Amino acid sequence: MDMGSSSSSSSGASCKISMLWNWTTVDACFISKQWHIRTVGAYVGTLIAVFAWVVVLEAFRRLSREYDRRIIMEWNSSRTDVEAATHDSVKGLKGLGIMRLGNSNGEFQPTHTQQLVRSIFHTVQFGAGYMLMLLAMYYNGGIIFVIFVATFVGYFISGRDMSGGGSQSEGGKECCG
């Protein structure tokens, strides 16, 4: 089911958009009329750009996890420092329910600024993933292949922080080792 676009380039060629599996290189269009592949070199450039996009997305996901770990470790550290410095007075106040650390359950809750940064991380990841999904919906074999290979490479490079669960214990020491 080829759905040719009514727009023509300066050379008279129109976009070839297919909703079925295809290997179209020249005259393929992605996302908009402006992303019109007119040469094999432009197609290769698109494949390289998509590869880099996915690898950077995986690195960005890693950066987001690192940020979450950092703010949790800072909270654990400040909570431990407060408890150590004022152990007796805090113990009495906690027993009366007067002093709380974190939210009402004593668990970590990010500040508004921290949550703003976390929301930006999430929005960038969501947006990049959504655009990649739209690219994949063109069912172009080269694009889909590059997305899968780049996901593998990006996760291989950036995903090592997840081994052992990727979490920290309350004391700030690594959980599994």
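Small disclaimer: the values here were computed from a predicted structure and weren't measured. (Residues numbered from 1 in each chain as written. Predicted model: local features only at pLDDT ≥ 70, side-chain atom pairs only at ≥ 80, totals over all residues. Heavy atoms only, no water.)

On to unusual backbone geometry. Across the chain, the bulk of peptide bonds are trans and the bulk of non-glycine residues have phi less than zero. Of note in this structure, Ile 31 is not a glycine but carries a positive phi near 65 degrees. Its location among the elements puts Ile 31 in the segment before helix 1 (40-85). For Ile 31, a relative accessible area of 34% puts it in the partly exposed group. Even without a glycine there, the phi angle at Tyr 139 is positive, about 55 degrees. (Helix = DSSP H or I, 4+ residues; strand = E, 2+ residues; numbered from the N terminus. Buried < 20%, exposed > 50% of the residue type's maximum accessible area, 1.4 Å probe, protein only.)

Close inspection of predicted coordinates is inappropriate in any region flagged by low pLDDT. Per-residue confidence for the protein averages 80 on the pLDDT scale, and 69% of its residues sit at or above 70. By mean pLDDT, the top-scoring element of the protein is helix 4 (residues 141-158) (97), and the lowest-scoring one is helix 2 (residues 87-95) (51). Taken as a whole, residues 96-101 scores under 50 in pLDDT and shows 12 contacts with residues more than four places along the chain or in a different chain. (pLDDT = per-residue confidence, 0-100. Contact = heavy atoms within 4.5 Å.)

A word on the packing of aromatic side chains. Taken as a whole and judged by the stated rule, the model has eight aromatic pairs. Each ring, one from Phe 30 and one from Trp 35, has its centre 5.9 Å from the other, and the planes form 70 degrees; the classification is edge-to-face. Residue classification places Trp 35 among the partly exposed residues on the basis of a relative accessible area of 24%. Ring geometry for Trp 75 versus Phe 108: centroids 5.6 Å apart, planes at 65 degrees, classification edge-to-face. Here Phe 108 lies in the loop between helix 2 and helix 3 (112-136) and Trp 75 lies in helix 1, a separation of 33 residues in the sequence. Under the relative-accessibility criterion, Trp 75 is labelled buried at 15%. (Phe/Tyr/Trp six-rings, centres within 6.5 Å; stacked < 30°, edge-to-face > 60°.)

With that out of the way, let us pick up empty space enclosed by the protein. Enumeration over the complete set of coordinates arrives at one cavity of 30 Å³ or more. Space inside the largest cavity adds up to approximately 50 Å³. What lines the largest cavity is simply Lys 16, Ile 17, Ser 18, Asn 22, Thr 24, Ala 28, Cys 29, Phe 30, Tyr 138 and Asn 140. Tallied by class, the residues present in the lining of the largest cavity amount to five nonpolar, four polar and one charged. (1 Å grid on protein atoms, 1.4 Å probe; cavity = no way out; pocket = protein on both sides within 12 Å on 5 of 7 lines; lining within 4 Å. Points joined across faces, edges and corners; volume = space filled by probe spheres on them. Nonpolar A, V, L, I, M, F, W, Y, C, P; charged D, E, K, R; others polar.)

Below, the discussion takes up the state of the cysteines. Throughout the structure, instances matching the rule amount to one disulfide. Shown here is the disulfide that connects Cys 15 with Cys 29, its sulfur atoms set 1.8 Å apart. Here the S-S torsion is close to -60 degrees, and the disulfide linking Cys 15 with Cys 29 is therefore left-handed. Of this pair, Cys 15 sits in the segment before helix 1 while Cys 29 sits in the segment before helix 1; the two residues are 14 residues apart in sequence, bridging distant segments of the chain. According to the relative accessible area criterion, Cys 29 is buried, its value standing at 4%. (Disulfide = S-S within 2.5 Å.)

With 17 residues, the main nonpolar core has Phe 30, Val 50, Val 54, Leu 132, Leu 135, Ile 143 and Ile 147 as its most contacted residues. Among the elements that take part in this core, helix 1 stands out by supplying six residues, more than any other. In this structure, Phe 30 is in contact with Trp 35, Ile 37, Tyr 43, Leu 135, Tyr 138, Asn 140 and Ile 143, ignoring residues within four places of it in sequence. (Core = buried A, V, L, I, M, F, W, Y, C linked by side-chain atoms within 4.5 Å.)

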